[in-house]
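A structural walkthrough
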Amino acid sequence: MSERVMARVVRIDAVEKHPNADSLDICTVGGWRVVTKLGEYNAGDIACYMSIDSWVPYDIAPFLSKGKEPRVFNGIKGERLRTAKLRNVISQGLLLPLTNEIIDKIGPDPQCQDDFVGVVLDDILNVRKWEAPIPAQLAGVMRGNFPVGIPRTDAERVQNLGVELQQWISDDIQFEVTIKLDGSSMTVTNIAGDVQVCSRNLSLKLDQEGNSFVDLAKSLGLIEKLAAHDREIAIQGELIGPAIQTNQEKLPAHDFYVFEVYDVKAGKYLDSVARQQLCKEFALKHVPILYESVTLKELGVTSIDDALKFAEGPSLNPKANREGVVFKNADGSIKFKAISNSWLLRNE
């Protein structure tokens, strides 16, 4: 999967007056809503949009630091964009004008403003994806980069899929729906007899102690089980437990919940039945499944807002609010997630 785009040129789909503030508007960009100053934008305007979790440099948005010294991330002074609630309206992202200075940086190719829509601005504006600092027990000693040929564990947010969502609703696509657990992505794979344990971005050395990924893989017997397995597969799941994110499930020890199994040679994911069967064979836990096979219509999901409402609910621990839900069709070719806005407001 390609790297997530953090900043791009967009057309503003709609502008409405903020219901609780005379000096504010609400702009809609795809499935995202952004609170802006009154009259700053009109529907149809072209602007620069930065999504939540963007690290925005101080020199393009100094007001984000609110008069304080800007923070620093990867050598860049700036601030992180978070989900916020402004006068009881959720705002996600930042809109800035498409200035002549930015147009000059984009280059000579676009002939009119319409041609700018969709242009990626990450490098042009030096906007980066913010990542939480890696705890020492997760960092470990790296063996190398994440294995080539195995998809990264990520899914597109539903807010970026307005057109596609309507098509899937119309086509009555059947989806498996699972709870998204708040943890750290973990992959254990066997490629041509070479077993690797990986974090989201790195392959880790197996001859180390004190690394949560490697220690858990060993305690579950995954290294031996994969080495003896007759297929080249990648088992992907969520590492959750103490000191992993907020450990909202309140687990006393680390645990691993599978959400994907990838057949390396076939170049495709196992379907839900085969994945669950492999979990039984390997004595692994599977992320909670809300629905084995269901259409979005059957769930009452007919819009992005409906999907976000559906994302709300209890997690693995019924006393904890879940991070969200993940939708996957039978062969894994369609996959997207809806993240709970109430979870974002509490945890970001």
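Look up: the structure comes first, before these words.
Okay, so let's go over this structure. On a predicted model such as this, the values are computed, not experimentally measured, just so you know.

What counts as what
- Residues numbered from 1 in each chain as written.
- Predicted model: local features only at pLDDT ≥ 70, side-chain atom pairs only at ≥ 80, totals over all residues.
- Heavy atoms only, no water.
- Helix = DSSP H or I, 4+ residues; strand = E, 2+ residues; numbered from the N terminus.
- Rg over C-alpha atoms; globule rule 2.2 N^0.38 Å.
- Buried < 20%, exposed > 50% of the residue type's maximum accessible area, 1.4 Å probe, protein only.
- Contact = heavy atoms within 4.5 Å.
- Areas by Shrake-Rupley, 256 points an atom, 1.4 Å probe, with all protein chains shown as cover.
- Pairing = 2+ DSSP bridges.
- Axes fitted to C-alpha atoms, helices over the stretch in contact; angles between N-to-C directions.
- 1 Å grid on protein atoms, 1.4 Å probe; cavity = no way out; pocket = protein on both sides within 12 Å on 5 of 7 lines; lining within 4 Å.
- Points joined across faces, edges and corners; volume = space filled by probe spheres on them.
- Nonpolar A, V, L, I, M, F, W, Y, C, P; charged D, E, K, R; others polar.
- Core = buried A, V, L, I, M, F, W, Y, C linked by side-chain atoms within 4.5 Å.
- Polar contact = N/O pair within 3.5 Å; in protein donor to acceptor, adjacent residues only side chain to side chain.

1. A word on the overall build of the chain
For the chain, the count of helices and strands is nine helices and 25 strands. Its C-alpha atoms give the chain a radius of gyration of 22 Å, within 12% of the compact-globule value 20 Å for 348 residues. With the C-alpha coordinates of the chain rotated into their principal frame, the extents come out at 65 × 45 × 45 Å. Among the 348 residues that make up the chain, the fraction classed as buried is 51%. In the chain, once contacts between residues fewer than 6 apart in sequence are set aside, the share between residues at least 24 apart is 68%. Accessible surface, the chain: about 16,900 Å² in total, of which carbon and sulfur atoms supply 50%.

2. With respect to the sheet that holds strand β11 (residues 94-97)
The sheet built from three strands is open, its strands ordered β1-β5-β11 with antiparallel pairing. The outermost strands of the open sheet, each flanked by one partner alone, are β1 (7-11) and β11. This sheet shows a mean twist of 40 degrees between the axes of neighbouring strands, independent of strand direction. The pairing of β1 with strand β5 (residues 46-50) spans five bridges and is classified as antiparallel. Paired with arginine 11 across the strands is isoleucine 46, a residue of β5.

3. Quick notes on the layout of surface pockets
Which parts of space are left empty comes out when a probe the size of a water molecule is rolled across the atoms. Empty space within the second largest pocket amounts to approximately 960 Å³. Here the lining of the second largest pocket is built from residues that sort into 14 nonpolar, six polar and nine charged.

4. Notes on the side chain of serine 65
Mapping serine 65 onto the fold places it in the loop between β6 (54-57) and β7 (71-73). Residue serine 65 is classed as buried on the basis of its relative accessible area, which comes to 6%. Apart from residues no more than four positions distant in its own chain, serine 65 is found in contact with Tyr58, Pro70 and Glu79.

5. Let's talk about the nonpolar core
Within the largest apolar cluster, 25 residues are counted, with the highest numbers of intra-cluster contacts made by Met186, Val188, Leu222, Ile235, Phe256 and Leu284. Only β16 (184-191), β17 (194-198), α5 (212-219), α6 (222-228), β19 (233-240), β20 (255-263) and α7 (272-281) provide two or more residues apiece to this core. Per element, the largest residue contribution to this core is four residues, and it comes from α5. When residues no more than four places from it in sequence are discounted, the contact partners of leucine 284 are Leu220, Leu222, Ile235, Phe256, Val258 and Cys279. Counting residues in hydrophobic clusters, the runner-up holds 21 residues, among them Ile169, Val294, Phe327 and Phe336.

6. Some details on α5
Considered for burial, the residues of α5 that qualify are Ser212, Phe213, Val214, Leu216 and Ala217. The backbone nitrogen of phenylalanine 213 lies 3.1 Å from a side-chain oxygen of the residue at the head of α5, namely asparagine 211. Downstream of α5 by a residue or two, glycine 221 has a phi angle that is positive, lying close to 70 degrees.

7. Regarding the sheet that holds strand β8 (residues 76-80)
Within a sheet, adjacent strands bond to each other through the backbone by hydrogen bonds, running parallel or antiparallel. With respect to topology, four strands assemble into an open sheet ordered β7-β8-β6-β12, the strand pairing being antiparallel. The strands lining the two open edges of the sheet, one partner per strand, are β7 and β12 (128-129). Relative to β8, β7 runs antiparallel, the two being bridged by three bridges. Residue arginine 71 lies in a different strand from β8, and its bridge partner there is glycine 78.

8. Some thoughts on unusual backbone geometry
Working note: non-glycine residues mostly have negative phi, and peptide bonds are mostly trans. Of note in the backbone geometry, aspartate 53 takes a positive phi value of approximately 75 degrees without being a glycine. For aspartate 53, a relative accessible area of 9% translates into the label buried. We note that glutamine 245 has phi near 55 degrees; this positive angle belongs to a residue other than glycine. Within the secondary structure layout, glutamine 245 lies in the loop between β19 and β20.

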